[in-house]
Amino acid sequence: MPLQPHLHLIRDVADFPKPGILFKDITPMLQHGPALKAAIDALADLTADLQADLMLGVESRGFLFASALAYATGTGVALVRKPGKLPADKVRVHYGLEYGQDALEIHTDAVKPGQRVLIMDDVLATGGTARAAADLVQQIGGVVVGYAFLIELDFLAGQQRLADAPVRSLLHY
Ligand code: AMP
């Protein structure tokens, strides 16, 4: 079943979390079994050629997609998290995002040297978050083979910051 009939389940919320931001709220789609399955199946198809052997989810909605894609492809999941959440040895990177400044962390043993990693999140906006996640992966010796998103906001040109590997997005706005 294609994702197209379910696109109304992605809800636009104006001025969230700040004035001027049109937030793409995917929770209605996540709640709908056939829509979620169609999205995961399509993301798996879209990224199969990248031959990733580890899915990297960016906190927090990225976890949903990385986990489902890992299950679909028989690979594992690694986590990039906000500061203070990871318990073991970690590295941190600071970055700018569409609505603020933040930092992200990864366990130093989250990725094996040379492992082929696919970076995943729900939305690609300015690309700052995915760039930070990729920098963390590279810092600990992983190979970023691609970036995958449910939604890409084309007008923010986030791809420009992710020029080091293919960017695959299911939906473009
Ligand atoms: P960016 O770093 O600018 O690419 O922002 C991407 C991160 O912020 C992702 O984790 C998204 O979940 C979230 N995000 C940014 N802009 C939006 C938006 N317009 N709608 C929904 N999520 C967004």
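Residues numbered from 1 in each chain as written. Predicted model: local features only at pLDDT ≥ 70, side-chain atom pairs only at ≥ 80, totals over all residues. Heavy atoms only, no water.

Asker: Just to check I follow, could you spell out the overall build of the chain for this structure?
Answerer: Each helix and strand in the chain was counted, giving four helices and nine strands. What you see for the chain is a C-alpha radius of gyration of 15 Å, in line with the 16 Å of a compact globule of 173 residues. Seen through its principal axes, the chain has C-alpha atoms that stretch 40 × 35 × 30 Å. The proportion of buried residues among the 173 residues of the chain is 49%. Long-range pairs, those at least 24 residues apart, make up 56% of the contacts in the chain between residues at least 6 apart in sequence. Put simply, the chain shows about 8,200 Å² of open surface, and 54% of that area lies on carbon and sulfur atoms. Counting 15 positive and 19 negative side-chain charges, the chain places the averaged centre of each group 4 Å from the other. (Helix = DSSP H or I, 4+ residues; strand = E, 2+ residues; numbered from the N terminus. Rg over C-alpha atoms; globule rule 2.2 N^0.38 Å. Buried < 20%, exposed > 50% of the residue type's maximum accessible area, 1.4 Å probe, protein only. Contact = heavy atoms within 4.5 Å. Areas by Shrake-Rupley, 256 points an atom, 1.4 Å probe, with all protein chains shown as cover. Lys, Arg positive; Asp, Glu negative; His and termini not counted. Charge placed at Lys NZ, Arg CZ, Asp CG, Glu CD.)

Asker: I keep staring at the environment of Asp25 and nothing clicks. Help me out?
Answerer: Relative to the assigned elements, Asp25 resides in strand β2 (residues 22-25). When its relative accessible area of 12% is taken as the criterion, Asp25 is described as buried. For the pair Asp25 and Val145, spaced 120 residues apart in sequence, the C-alpha to C-alpha distance is 27 Å.

Asker: What's the story with the nonpolar core in this structure? I'm lost.
Answerer: General note: in soluble globular proteins, nonpolar side chains tend to be found buried as a group. Core analysis: the biggest nonpolar cluster contains 28 residues, and Met29, Met55, Leu69, Leu118, Met120, Leu150 and Ile151 have the highest contact counts within it. By residue number, the principal contributor to this core is helix α2 (residues 33-47), which donates six residues. When sequence neighbours within four positions are dropped, the list of residues in contact with Leu118 reads Thr47, Leu50, Ala52, Leu54, Met55, Leu56, Leu69, Val145, Gly146, Tyr147 and Ala148. Among the nonpolar cores identified, the runner-up in size contains 27 residues, and Leu104, Ile119, Val137 and Val167 belong to it. (Core = buried A, V, L, I, M, F, W, Y, C linked by side-chain atoms within 4.5 Å.)

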